[in-house]
Amino acid sequence: MSRTFIDQLNDLRDKLARLSAMVQHLVEKSVESVYTADGVLARETAESDVRINDEEVRIEHQAINLLALHQPAASDLRLITSIIKVNSDLERIADCAVNVAQRVMMLDQIGGYEAPSDLRLMGNTVVTMLRDTVKAFNLVDEPLARHVVRSDDVVDALYSQLVQDMLAMIESDRHNANTNLGNIMIGKNLERIADHCTNIAEDVIYVQTGHIIRHLHAV
Amino acid sequence: MADSSTIPGPAATGRENSVAPRAIVTPSIRMTTPTLIDAKSVSVFYGEYEAVKSVSLSIPQNSVCAMIGPSGCGKSTFLRSINRLNDLIPGCHVKGELLIGRQNVYADKIDLVTLRREVGLVFQKPNPFPKSIYDNIAYGPRLQGLSDRTQLDELVEDCLRKAALWEEVKDRLKTSALGLSGGQQQRLCIARALATKPKVLLMDEPCSALDPIATGKVEDLIVQLKEQYTIVIVTHNMQQAARVSDMTAFFYMGRLIEFDQTAAIFTNPSNKQTEDYITGRFG
């Protein structure tokens with residue numbers, strides 16, 4: 001393959017690494033806005049999504065051009081098709097982070113919001129999971145990717161617990177139903193972020209091994 | 001006319017799926033597809049020089065097998081050893097067994113005329129005879145003793161139809177084949193190879209002298225022809241190998257490095273050298 005192709009592929013990887021850093025920053029800010037009930041930070045977070053959307057489109061264009069113009073094969077083909085998928089997952093993660101931030105803005109208007117411990121634990125776990133995911137993709141670190149896939153079960157269990165706790169609180173205290181429903185919605189978006197991290201980790205395993213492990217439950 | 005049973009049919013006896021190194025068969029090849037061409041430790045020497053080194057591979061019947069690799073890797077030499085065309089080169093000799101069906105083509109009793117009738121070869125550059133389109137197709141069968149005009153007419157039409165050329169030439173069968181375009185000439189050469197009713201078609205870079213449209217037609221033809229023939233194609237165009245073949249063999253410095261389903265070779269090759277060649281990071 002030509003030097004041009006290798007340079008363009010490296011440039012594409014750099015662009016995706018930059019996008020993942022932006023998304024990581026966005027998620028961390030949105031989770032922080034939950035912890036601090038900071039409506040101003042939440043608004044800033046929600047508004048910074050536009051740059052991510054633009055970058056996602058640019059990356060997709062560049063990846064499609066590489067496929068069309070160079071017809072890559074083997075590991076190059078696996079990498080580029082995975083970049084297209086990871087790019088989409090990162091954009092969806094950013095959307096989920098925006099949903100979280102918008103929910104914080106609503107809770108901030110109600111006033112007196114404090115994130116429950118279940119939700120804080122979920123937030124910490126998801127932030128760590130995303131950090132590991134980005135690292136696994138940038139370094140094509142298969143063991144770390146497998147660790148990320150396993151972490152999804154932890155997040156699912158935490159979300160399940162959160163929903164049970166919030167439903168119990170809604171039943172016992174209907175005055176704060178909006179706040180508790182808000183916690184469930186935030187939890188749902190964090191759980192979706194973990195799902196997208198899992199998708200990306202599965203792509204890392206595909207890039208490295210050529211094996212598609214989705215839906216196999218054998219990590 | 002020579003006895004066409006010299007080269008028996010495929011050996012459908014427990015050799016199914018004997019595709020090294022992975023026992024995977026492409027979806028387009030049924031799991032029961034028997035092996036037609038079976039090379040066992042085949043080495044080809046030009047004098048002292050070993051151009052092909054102990055190659056073993058099994059090509060299923062009714063499949064397309066692409067051979068890829070850098071220039072001088074031995075792929076064309078191996079291809080030409082299948083119909084013993086290398087015999088014409090002084091000092092060239094072959095070790096090992098090369099079976100078509102159950103018959104070793106290097107056995108002493110083999111009839112080379114029959115072998116080459118049953119293993120057709122299409123070259124890189126179209127090479128029609130300086131005769132009419134009709135006579136190009138009828139040439140081989142006439143040599144074999146077929147003289148009945150009706151039978152010859154039917155055979156010529158059948159071969160030209162199989163080569164997807166009939167509609168383009170049916171009104172000018174008696175005109176010179178040299179007046180055809182390059183792509184038409186190559187399809188005529190394929191039709192000519194079909195006229196002797198071969199089991200195997202060997203193609204040595206059959207599209208390298210053709211434009212993209214003619215290449216597309218020949219590639220479509222290759223895919224159609226595998227219904228009735230087993231095709232082995234040498235190509236430098238890896239996208240062509242990916243498009244038309246079921247199995248791909250990667251040769252390097254006379255050795256068979258990897259032989260697997262084409263989809264596996266182009267998405268997840270097992271061998272680092274194959275990976276480097278496929279992705280253009282060789283050397």
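Every chain begins its residue count from 1, and numbering advances along the sequence as written. Lettering for chains starts from A, numbering for ligands starts from 1, and both go in the order in which the items are written. Totals for whole chains, interfaces and linings use every residue, but because this is a predicted model, local features are given only for residues with pLDDT of at least 70 and side-chain atom pairs only at 80 or more, for both listing and counting.

### Regarding the environment of Thr274(B)
Residues and elements named next belong to chain B. Put simply, the test is: Labels follow the DSSP assignment, with helices taken as runs of H or I lasting at least four residues and strands as runs of E lasting at least two, numbered in each case from the N terminus. Counting other C-beta atoms within 10 Å of a residue's own tells you its class, since 20 or more makes it buried, 12 or fewer makes it exposed, and anything in between is partly exposed; those C-beta atoms are placed from the backbone. Residue pairs qualify as contacts under a 7 Å threshold applied to their C-beta atoms, which are placed from the backbone.
Looking at where Thr274 falls in the secondary structure, it is placed in helix α10 (residues 272-278). Given 25 C-beta atoms within a 10 Å radius, Thr274 is considered buried. Taking C-alpha positions, Thr274 is 8.8 Å from Gly69, a pair spaced 205 residues apart along the chain. Look past the residues within four positions of Thr274 in its chain and what remains in contact with it is Phe250, Ile257, Glu258, Ile265 and Pro269.

### Describing the interface of chain B and chain A
As a reminder of what qualifies: Note that Gly is not counted as nonpolar here; it falls among the polar residues with everything else outside the nonpolar set of Ala, Val, Leu, Ile, Met, Phe, Trp, Tyr, Cys and Pro and the charged set of Asp, Glu, Lys and Arg.
Facing 11 residues of chain B, the contacting portion of chain A comprises 10 residues. The set of elements that each furnish at least two residues to the side of chain B that touches chain A consists of α8 (238-244), α9 (262-267) and α10 of chain B. Partitioned by chemical class, the residues of the side of chain B that touches chain A number four nonpolar, five polar and two charged.

### Some words on the nonpolar core
Which entries qualify depends on this criterion: The nonpolar core criterion groups buried Ala, Val, Leu, Ile, Met, Phe, Trp, Tyr and Cys residues into a set whenever they are joined through C-beta atoms within 7 Å.
By size, the foremost hydrophobic cluster in this structure holds 137 residues, and its most contacted members are Ala97(A), Ile193(A), Met67(B), Ala191(B), Val200(B) and Val232(B). No other element matches helix α4 (residues 74-110) of chain A, which puts 16 residues into this core. Non-local contacts of Val232(B), meaning those with residues more than four positions away in its chain, are made with Ile59(B), Cys65(B), Met67(B), Leu79(B), Ile82(B), Val200(B) and Leu202(B).

### What to know about the confidence of the model for chain B
Regions with low pLDDT should not have their predicted coordinates read in detail. All names here are of chain B. The condition that has to hold: Per-residue confidence from the predictor is reported as pLDDT, a score between 0 and 100.
Of all residues in chain B, 88% attain a pLDDT of 70 or more, and the chain-wide mean is 88. Considering only residues more than four positions removed or in separate chains, one finds that residues 1-6, a stretch of pLDDT under 50, has eight contacts. For this predicted complex, the interface score ipTM comes out at 0.74, while the overall pTM is 0.81.

### What about unusual backbone geometry?
You will see that Ala74(A), though not glycine, has its phi angle at about 50 degrees, which is positive. With respect to the helices and strands, the residue Ala74(A) is situated in helix α4. A positive phi angle, close to 50 degrees, is found at Met253(B), a residue other than glycine. On the secondary structure map, Met253(B) appears in the loop between β9 (247-252) and β10 (255-261). Here Met253(B) falls in the partly exposed class, since 14 other C-beta atoms lie within 10 Å of it.

### Some words on the pairing of strand β6 (residues 119-122) of chain B
Residue and element names in this part refer to chain B. The condition is simple: Being paired, for any two strands, means DSSP has found at least two bridges between them.
A two-sided burial pattern is seen for β6, the buried positions comprising Val119 and Leu121 on one face and Gly120 and Val122 on the other. Pairing geometry for β6 and strand β7 (residues 200-204), over four bridges, is parallel. The residue bridging Val122 from the neighbouring strand is Met203, located in β7.

### Concerning the pairing of β9(B)
Sheet faces and side chains relate simply in a regular strand, where the side chains alternate between the two faces. Residues and elements named next belong to chain B. Burial within β9 is extensive, with six of its six residues counted as buried. Residues Met247, Ala249 and Phe251 line one face of β9 and the alternating positions Thr248, Phe250 and Tyr252 line the opposite face, and both faces are buried. Pairing between strand β3 (residues 64-68) and β9: four bridges, direction parallel. Within β9, the residue paired with Cys65 across the bridge is Met247. Summarising the sheet, β9 and β10 pair through six bridges and their orientation is antiparallel. Within β10, the position partnered with Met247 by the bridge is Gln261. The loop that links β9 with its antiparallel partner β10 comprises two residues; one of these, Met253, has a positive phi angle of about 50 degrees.

### Concerning the sheet that holds β6(B)
Two pairing modes exist for strands in a sheet, parallel and antiparallel, and in both the strands are linked by backbone hydrogen bonds. Residues and elements named next belong to chain B. Note the following rule: Inter-axis angles, ranging from 0 to 180 degrees, are taken between N-to-C directions of lines fitted to C-alpha atoms, where helices are fitted over the stretch in contact.
Here six strands make up an open sheet; going across it, the order is β6-β7-β8-β3-β9-β10 and the pairing mixed. Only two strands of the sheet have a single partner each, and these edge strands are β6 and β10. For this sheet, the mean inter-axis angle between neighbouring strands, taken without regard to orientation, is 15 degrees. As paired strands, β3 and strand β8 (residues 230-234) are joined by four bridges and run parallel to one another. Paired with Val64 across the strands is Ile231, a residue of β8.

### Structural notes on the packing of helix α6 (residues 142-172) of chain A against helix α7 (residues 177-209) of chain A
Residues and elements named next belong to chain A. The cut-off we apply is this: Oblique is the label for every angle not falling under 35 degrees (roughly parallel), over 145 degrees (roughly antiparallel), or within 65 to 115 degrees (roughly perpendicular). The handedness criterion is simple: a crossing whose near helix is rotated anticlockwise from the far helix by less than a right angle is left-handed, and one whose near helix is rotated clockwise is right-handed.
Running from N to C, α6 and α7 cross one another at 165 degrees; their axes reach a closest spacing of 9 Å. Between α6 and α7, the interaxial angle falls into the category roughly antiparallel. Note that α6 runs across α7; the crossing there is left-handed. For the contact of α6 with α7, a count of residues per class yields 17 nonpolar, six polar and seven charged.

### Considering helix α2 (residues 39-47) of chain A
All names here are of chain A. We count it as follows: Directions are taken from the helix axis to each C-beta atom, and the arc is the one they span.
Of the positions making up α2, those classed as buried are Ala42, Thr45 and Ala46. On an axial view of α2, the arc spanned by its buried residues comes to 95 degrees, and they lie on one face. The outward face of α2, more than 90 degrees from its buried face, is lined by the exposed residues Val40 and Glu47. At its buried positions, α2 is contacted by α1 (3-36), α3 (49-70) and α4.

### Observations concerning the sheet that holds strand β5 (residues 103-104) of chain B
Residues and elements named next belong to chain B. Across the sheet, four strands lie side by side as β2-β1-β4-β5; this open sheet has antiparallel pairing. Because the sheet does not close on itself, it has two edges, and the strands there are β2 (49-60) and β5. Bridging between strand β1 (residues 35-46) and strand β4 (residues 92-100) involves eight bridges; their strand directions are antiparallel. Pairing of Phe45 across the sheet is with His93, part of β4.

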